[in-house]
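One letter stands for each residue in the lines below.
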Amino acid sequence: MKEEIKGICCEVKNCVYHDMSNGCTAGEIKVGSQTATKSYETNCETFKCNENCCD
């Protein structure tokens, strides 16, 4: 099991890096977009859908 990144709260349960304590186990994260001016215009670019995702 990978160790979570301290200080990151992730509630995206369908991401492969989400752990059951709302942590992130990715080695690092990238947040975008470069043109964001409001918090709602940002997103986690590290997100990868797990087996529970629907297409």
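Just so it is clear, the model here is predicted, and its values are computed rather than measured. (Residues numbered from 1 in each chain as written. Predicted model: local features only at pLDDT ≥ 70, side-chain atom pairs only at ≥ 80, totals over all residues. Heavy atoms only, no water.)

### Section: the overall build of the protein chain
Okay, so step 1: Of the regular secondary structure elements, the protein chain holds 0 helices and 2 strands.
Okay, so step 2: The buried share among the 55 residues of the protein chain stands at 24%.
Okay, so step 3: Of all intrachain contacts in the protein chain linking residues separated by at least 6 positions in sequence, the fraction that spans at least 24 positions is 24%.
Okay, so step 4: Per element, the accessible surface of the protein chain, about 4600 Å² overall, is 50% carbon and sulfur.
Okay, so step 5: The average position of the 6 basic charges and that of the 9 acidic charges among the side chains of the protein chain differ by 3 Å. (Helix = DSSP H or I, 4+ residues; strand = E, 2+ residues; numbered from the N terminus. Buried < 20%, exposed > 50% of the residue type's maximum accessible area, 1.4 Å probe, protein only. Contact = heavy atoms within 4.5 Å. Areas by Shrake-Rupley, 256 points an atom, 1.4 Å probe, with all protein chains shown as cover. Lys, Arg positive; Asp, Glu negative; His and termini not counted. Charge placed at Lys NZ, Arg CZ, Asp CG, Glu CD.)

### Some points on the side chain of Thr46
Okay, so step 1: Following the sequence through the fold, Thr46 ends up in the segment after β2 (43-44).
Okay, so step 2: For Thr46, a relative accessible area of 16% corresponds to the buried category.
Okay, so step 3: If sequence neighbours within four positions are ignored, Thr46 has contacts with Tyr17, Ala26, Glu28, Ile29 and Lys30.

### Considerations on the nonpolar core
Okay, so step 1: One finds Cys10, Cys15, Tyr17, Cys24 and Ala26 forming the largest nonpolar core, which totals 5 residues.
Okay, so step 2: If we skip the residues at most four places from it in the chain, Cys10 touches His18, Asn22, Gly23 and Cys24. (Core = buried A, V, L, I, M, F, W, Y, C linked by side-chain atoms within 4.5 Å.)

### Overview of the layout of surface pockets
Okay, so step 1: If you add up the space inside the largest pocket, you get close to 190 Å³.
Okay, so step 2: In terms of lining residues, the largest pocket is bounded by Ile8, Cys9, Cys10, Val12, Cys15, Tyr17, Cys24, Ala26, Ile29, Cys44, Thr46 and Phe47.
Okay, so step 3: Grouping the constituent residues of the lining of the largest pocket by class yields 11 nonpolar, 1 polar and no charged. (1 Å grid on protein atoms, 1.4 Å probe; cavity = no way out; pocket = protein on both sides within 12 Å on 5 of 7 lines; lining within 4 Å. Points joined across faces, edges and corners; volume = space filled by probe spheres on them. Nonpolar A, V, L, I, M, F, W, Y, C, P; charged D, E, K, R; others polar.)

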